[in-house]
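Fold and geometry: a report
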Amino acid sequence: MTTYTFPENFLWGAAASGIQTEGVTNKANESIWDLWHRESPERFYKGIGSQVVTDTYNRYKEDVQLMKQVGFNSFRTSIQWSRLIKDFETGEVCPDAVEFYNNYLDEMIANGIEPMINLYHFDMPAQLQEKFGGFESKKVVELYVDYAVKAFKLFGRKVKYWITFNEPIVPTEGGYLYDFHYPCKKDGKLAVQVAYNTILAHAKAVHAFNQLSIEDSKIGVVLNLTPSYTRNDSEEDKQAAWYADLLFNRSFLDPMVKNEIPQELCDVLKEQNVLPETTAEEIEAITSAKIEFLGVNYYVPRRVKAREAEYDLDYFTPEVYFENYVNPNGRFNPYRDNNEILPTAVHDIAMNVKDNYGNVPWFLAEIGIAMDEVSEGKPDEDGYIDDTFRTDLMKEHLAQLHRAIEDGANCFGVHQWTFIDNWSWTNSFKRRYGFYRLDLETGNRIPKKHGIWFKELTATGTFVD
Ligand code: FCB
């Protein structure tokens, strides 16, 4: 038996996002998810779109009590751009949204829960996508910054942790390379422009935030940092992993955390003829936008090998330089499409941040153990769902985080994905991650046993395994 004790004042809680939880009550505008679901419901698991969600807009008070019951001292969600802003050109805000976000923030704060607020969780307003191509366009970069400034001014004093983007690479991959987000384009050059424009939007928002000097409030970003592991130690495989890391991790990490644009990245993009349009002034903005903390999302490792088959797409993707690979000796989660389980990756990520990114203060912003409703089973006689599988895996991951902290990682908290089972993009409600089950028919929140364990952990800062 080992006792794992975490630092004092550690942040414990969960992450979610506006669009995945709020529902559409009083929503000023559509996001691309509303639009895409309206046009192509068949792209969503069981045809369920983001209209059917946890209904936080109406149930936030009750939900904040549920947060307390599982011991959270902090919680991340996002403001929806398409809810807050009524008129994107004039910046006119929607009064219902201002009232809702104020109430929600006040409720959390009054109950001892530190809100961490993200500005963008994959949810481009539909109008801006249709009219300008979303982040394909620099006009939308400016509109995003206007929106961010509105949010900072409206809610700045209540929020100590602002986040510009969650996993900014994901809408780029999903929308422009691999067809799992709207606008479902497959265009490597456009993807790189969208990635660049997103980094620029982040940088400009950081500068705007810093100019406001909001007391006691910091700004950061949340990145999904998936290490790339190789099939073997061959030079070819190592090279493959180097490219994967450059294109998937360093592409965002280096500009956002180190304020550097890797020369190797420029060389690769040039070689592929996909360099984005940039200006000296933009590069200056990117390379001077200092963040104060980083959020890291981790679910599964990336496994790569050197390319064996010829690359047969007629547009650029990072896979030009490697092939994905399934580890024959891996452990897999039977409840999540056989995704590999590799808790030691948490330690690897932490050491990468420590050794290569100035040991910037960071928190584990999403770590989630997926199960499906069937494998989680029905509530027992006390009304709890038995998700011991989740707790066991969480212990393994947190043991690795603990080891990393002992090895000098500058980690200040853990947020599990997610609080109440929520709608998850095209997977809809296929996978369940919550501390509470959402009964889709009644909207009831049903506790899972994991929450009992978590409450003890957050109360004592300690767990034994
Ligand atoms: C992450 C997303 C989050 C959720 C989980 C399952 O990549 O940030 O919105 O869908 O995956």
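Refer to the preceding data block for the structure.
These numbers were taken from a predicted model, which means no experiment stands behind them.

Examining the overall build of the protein
In terms of helices and strands, the protein carries 16 helices and 19 strands. Whereas a compact globule of 465 residues would reach a radius of gyration of roughly 23 Å, the protein reaches 21 Å, a difference of no more than 12%. When its C-alpha atoms are laid out on the principal axes, the protein stretches across 60 × 55 × 45 Å. Out of the 465 residues belonging to the protein, those deemed buried represent 61%. Taking contacts inside the protein between residues at least 6 apart in sequence as the whole, the part at least 24 apart equals 77%. If you sum the accessible surface of the protein, you get close to 18400 Å²; carbon and sulfur atoms cover 47% of it.

Description of the pattern of salt bridges
A full pass over the atoms with the stated rule returns 32 salt bridges. A salt bridge links E30 to R38; its shortest N-O distance comes to 2.7 Å. The residue R250 makes a salt bridge to E264 at a minimum N-O spacing of 3.7 Å. In this pair, R250 is assigned in helix 10 (residues 235-258) and E264 in helix 11 (residues 263-271), connecting sequence segments 14 residues apart. For E264, a relative accessible area of 32% puts it in the partly exposed group. The network of salt bridges with shared partners includes E373, E376, D387, R390, D421, R432, R437 and K448.

Notes on the packing of aromatic side chains
For any pair of aromatic rings, the description rests on two quantities: the centre-to-centre distance and the angle between the ring planes. Using the criterion set out here, one finds 53 aromatic pairs in the structure. Both rings, one in W81 and one in F88, keep their centres 6.4 Å apart while their planes meet at 80 degrees; by these two values the pair is edge-to-face. For the pair W81 and F88, one class covers both residues: buried. Ring geometry for F100 against Y101: centres 5.0 Å apart, planes inclined by 55 degrees, an arrangement best described as tilted. We note that F100, like Y101, is buried. Taken together through their ring pairs, the aromatic side chains of Y4, F6, F10, W12, F72, F75, F419, F435, Y436, W453, F454 and F463 make up a single cluster. The aromatic ring of Y357 is capped on one face by K258, whose charged end is 4.7 Å from the ring centroid. Looking at R302, its charged tip hangs above the ring of F248, at a distance of 3.7 Å from the centre.

Let's talk about the sheet that holds strand 10 (residues 293-298)
Spatial ordering of the closed barrel is given by 2-3-6-7-8-10-15-16, a layout of 8 strands whose pairing is parallel. Between one strand axis and the next, the sheet turns through 25 degrees on average, direction left out of account. Pairing between strand 10 and strand 15 (residues 362-367): 5 bridges, direction parallel. Within strand 15, the position partnered with N297 by the bridge is E366. In the packing of helix 7 (residues 138-155) onto the sheet, contacts are made with strand 7 (161-166) and strand 8 (218-224), and the angle to strand 7 comes to roughly 155 degrees.

A closer look at the site of the ligand
Every residue near the ligand is listed here: Q20, H121, F122, N166, E167, Y299, E366, W417, S424, W425 and Y433. One nitrogen or oxygen atom from the side chain of Q20 is found 2.9 Å from an oxygen atom belonging to the ligand. Note that an oxygen atom of the ligand is positioned 2.9 Å from one of the side-chain N or O atoms of W425. Considering the ligand on its own, with 300 Å² of exposed area, one finds that the protein chains cover 89% of that surface. Placement of the ligand is best described as lying within the largest pocket. Here the shell around the ligand is built from residues that sort into 5 nonpolar, 4 polar and 2 charged.

Quick word on helix 8 (residues 169-176)
Of all 8 residues in helix 8, 8 are buried; the element is thus mostly enclosed. Here helix 8 has its buried residues at I169, V170, P171, T172, E173, G174, G175 and Y176. Residues of helix 8 that are buried sit in contact with helix 6 (126-132), helix 9 (188-212), strand 8 and helix 10.

What to know about the side chain of R83
Structurally, R83 is set in helix 4 (residues 81-84). Given the relative accessible area of 0%, R83 is considered buried. Residues in contact with R83, not counting those within four places in the same chain, are E22, G23, V24, T25, N26, K27, A28, Y57, C94, A97, F100 and Y101.

Structural notes on the environment of F75
Structurally, the position occupied by F75 is in strand 3 (residues 74-78). The exposure class assigned to F75 is buried, which follows from its relative accessible area of 2%. With 33 residues separating them along the chain, F75 and M108 place their C-alpha atoms 8.4 Å apart. Not counting residues up to four positions away in its chain, the partners in contact with F75 are A14, A15, A16, M67, Y104, M108, I113, E114, P115, M116, H415 and F419.

Section: the pairing of strand 10
Across the 6 residues of strand 10, 6 count as buried, placing the element largely inside the fold. Residues F293, G295 and N297 point to one face of strand 10 and L294, V296 and Y298 to the other, with burial holding for every one of them.

Things to note about the environment of V268
Secondary-structure assignment places V268 in helix 11. On the basis of relative accessible area, V268 is assigned to the buried category, the value being 4%. Put simply, V268 and L247 are 21 residues apart on the chain and 9.0 Å apart in space, counted from C-alpha to C-alpha. Leave out the neighbours within four places in its chain, and V268 touches Y243, L246, L247 and Y321.

Quick look at the layout of surface pockets
Computed from the structure, the largest pocket encloses a volume of approximately 1200 Å³. Lining of the largest pocket is provided by 38 residues; of these, E173, F180, V300, R336 and N339 occupy positions nearest its centre. Contributing elements (two or more residues each) for the lining of the largest pocket: helix 8, strand 10, strand 11 (302-305) and strand 14 (339-341). Split into classes, the residues belonging to the lining of the largest pocket amount to 15 nonpolar, 14 polar and 9 charged. What the second largest pocket holds in volume is close to 440 Å³. What lines the second largest pocket is a set of 26 residues, and nearest its centre among them are V192, A195, S251, L265 and L269. Counting only elements with at least two residues in the lining of the second largest pocket, the list comes to helix 8, helix 9, helix 10, helix 11 and helix 12 (280-286). At 6 residues, helix 9 tops the list of elements feeding residues into the lining of the second largest pocket. In terms of residue class, the lining of the second largest pocket is built from 21 nonpolar, 4 polar and 1 charged.

Rules of the game
- Residues numbered from 1 in each chain as written.
- Predicted model: local features only at pLDDT ≥ 70, side-chain atom pairs only at ≥ 80, totals over all residues.
- Heavy atoms only, no water.
- Helix = DSSP H or I, 4+ residues; strand = E, 2+ residues; numbered from the N terminus.
- Rg over C-alpha atoms; globule rule 2.2 N^0.38 Å.
- Buried < 20%, exposed > 50% of the residue type's maximum accessible area, 1.4 Å probe, protein only.
- Contact = heavy atoms within 4.5 Å.
- Areas by Shrake-Rupley, 256 points an atom, 1.4 Å probe, with all protein chains shown as cover.
- Salt bridge = Lys/Arg side-chain N within 4 Å of Asp/Glu carboxyl O.
- Phe/Tyr/Trp six-rings, centres within 6.5 Å; stacked < 30°, edge-to-face > 60°.
- Lys NZ or Arg CZ within 6 Å of the ring centre and 35° of its normal.
- Pairing = 2+ DSSP bridges.
- Axes fitted to C-alpha atoms, helices over the stretch in contact; angles between N-to-C directions.
- Near = heavy atom within 4 Å.
- Polar contact = N/O pair within 3.5 Å; in protein donor to acceptor, adjacent residues only side chain to side chain.
- 1 Å grid on protein atoms, 1.4 Å probe; cavity = no way out; pocket = protein on both sides within 12 Å on 5 of 7 lines; lining within 4 Å.
- Sits in = over half its atoms within 2 Å of the grid points.
- Nonpolar A, V, L, I, M, F, W, Y, C, P; charged D, E, K, R; others polar.
- Points joined across faces, edges and corners; volume = space filled by probe spheres on them.

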